[in-house]
Every structure is written in structure tokens, then in C-alpha cells.
Amino acid sequence: IKDVKNEIDIFLENKKCKRIFFMDSNFTLNKKYMKDFCKKVKNKDVSFKCYTKVNFYSKDIANTLKKAGFDIVHFGVEHFDPEMQKSINKISPLKDIKKTLKNAKSSGQYTGYYIVVGLPGDNVEKSKYSYEQTCKLVKEKLLDEVVPFIFIPYPGTDQFNNPDKYNLKILTK
């Protein structure tokens, strides 16, 4: 925590840094560390943005982060279709996604999530379902931003290790 705080202070010395983004999908996994971190990095001169997982974002965590200056939070949703979620070992039921977004909104945070386009087995019907769920969340004022990513089979994933199983062709390693 001390080293990260020192790095933040260096960025703030030039007075040009307005927001710092912590791109760590496990940012809120360890509550004790996260709370200690928030106590030490709180700063009126900068705001923070973080990325985390749907199942690690309670009201308590949302409030702790907001008090420390984390005004934006993004979540890795990837896809709304349960079959697609299962294919990437990520199960986030719609009710859990909604609850998480409500937790963020109740603390006054701007919300976003990442969605993946082109997962193996995806089709127009499944993508349309994700789109429809996204529209509902926007209408309910739970979601402010969607960041789409194109599927890439990263080394170490089942899709990369077993491309034939997913009808994929790995073009480069």
C-alpha cells in the first residue's frame, strides 16, 4: 500500500492527473487490504476508477470505495447468456449483476461493465439477449457505460489450449 500511495503522490505532483484507474479484476477480493488501501490513498485532488468482479461488490465495499474517491466502477460481466458464461467459467446471474449495480449506484458511483463479443458458441440470439438486458439496466438507471471487447483466446484458457473443441483457429502464439 505504501508503494502505491507513493506512486499516486508522484502522479499528483504534476497537477495534470485527474483520475487513476486500477485495472485489477480482483481489486475488491481481499476486503481488509482494500479497506486499508482506501484509508491511505484517499485524496481530494484525484478520483479513482476501479474494475472488479460482480460477486465481490457489497454495499459496504461500494461505500468504502466511494469515500476514498472511487467514483467510477466497472465490472466484468462478459455475457448475459448463462451458456456463454459457463463456457468461460464465469457465472454471474442477472439478479447478482443487478444487485451489484444497485450497490454501486446507492453509493453514488458511475457504473460500467465489460462485455465480450464473439465468444465461441455465441450467436445473434444470445447476443441479442445480452443487448436487451443491457438496455433494461440502462433504462433502470443502473448502468452508465458498456465497454465491448472482442473475444481473444488467451494462453492458459481452455479455448487457447483446446481450440478444436471450440472450432477455433489460433493464428499466433
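Starting afresh in each chain, residues are numbered from 1 along the sequence in its written order. Since the coordinates come from a predicted model, pLDDT governs what is reported: local features require at least 70, and pairs of side-chain atoms require 80 or more to be given and counted, while whole-chain, interface and lining totals use all residues. Side-chain measures here rest on the full set of heavy atoms in the structure, leaving out hydrogens and waters.

1. Overview of the pattern of salt bridges
- When a carboxyl oxygen of Asp or Glu lies within 4 Å of a side-chain nitrogen of Lys or Arg, that pair is called a salt bridge. One pass over the full model with this rule turns up ten salt bridges.
- Across the salt bridge formed by Lys126 and Glu83, the nearest N and O atoms sit 2.8 Å from each other. You can see Lys126 sitting in helix H6 (residues 124-139) and its partner Glu83 sitting in helix H4 (residues 82-87), a full 43 residues away along the chain.
- Here the term buried applies to any residue with accessible area under 20% of the maximum for its type, exposed to any over 50%, and partly exposed to those in between, with areas from a 1.4 Å probe on protein chains only. Given a relative accessible area of 51%, Glu83 falls into the exposed group.
- Ionic pairing is found between Lys105 and Asp144, a salt bridge with its closest N-O pair at 2.4 Å. With a gap of 39 residues between them, Lys105 in helix H5 (residues 94-106) and Asp144 in the loop between H6 and strand S5 (145-150) connect regions that are remote in the sequence.
- By relative accessible area, Lys105 is classed as partly exposed at 26%. Strands here are runs of E lasting at least two residues and helices are runs of H or I lasting at least four, both read from the DSSP assignment and numbered beginning at the N terminus.

2. Remarks on the sheet that holds strand S1 (residues 19-22)
- Note: two strands are recorded as paired if DSSP finds a minimum of 2 bridges between them. Across the sheet, which stays open at both edges, the five strands sit in the order S1-S2-S3-S4-S5 with parallel pairing between neighbours. Only two strands of the sheet have a single neighbouring strand rather than two, namely S1 and S5. Each adjacent strand pair in this sheet contributes to an overall mean axis angle of 20 degrees, direction not counted.
- Examined bridge by bridge, strand S4 (residues 110-117) and S5 share six bridges and lie parallel to one another. The residue bridging Ile115 from the neighbouring strand is Pro148, located in S5.
- Contacts are assigned to residue pairs with any non-hydrogen atoms lying within 4.5 Å of each other. Helix axes use the C-alpha atoms of the stretch in contact, all axes being lines fitted to C-alpha atoms, and the angles between their N-to-C directions lie in the range 0 to 180 degrees. In this fold H5 packs onto strand S3 (70-78) and S4, with an angle of close to 175 degrees to the strand it touches most, S3.

3. Some remarks on the environment of Ile61
- Locating Ile61 in the fold gives a position in helix H3 (residues 59-67).
- Owing to a relative accessible area of 2%, Ile61 belongs among the buried residues under this scheme.
- Taking C-alpha positions, Ile61 is 8.4 Å from Met34, a pair spaced 27 residues apart along the chain.
- Contacts of Ile61, omitting those with residues within four sequence positions, involve Thr28, Lys31, Met34 and Phe56.

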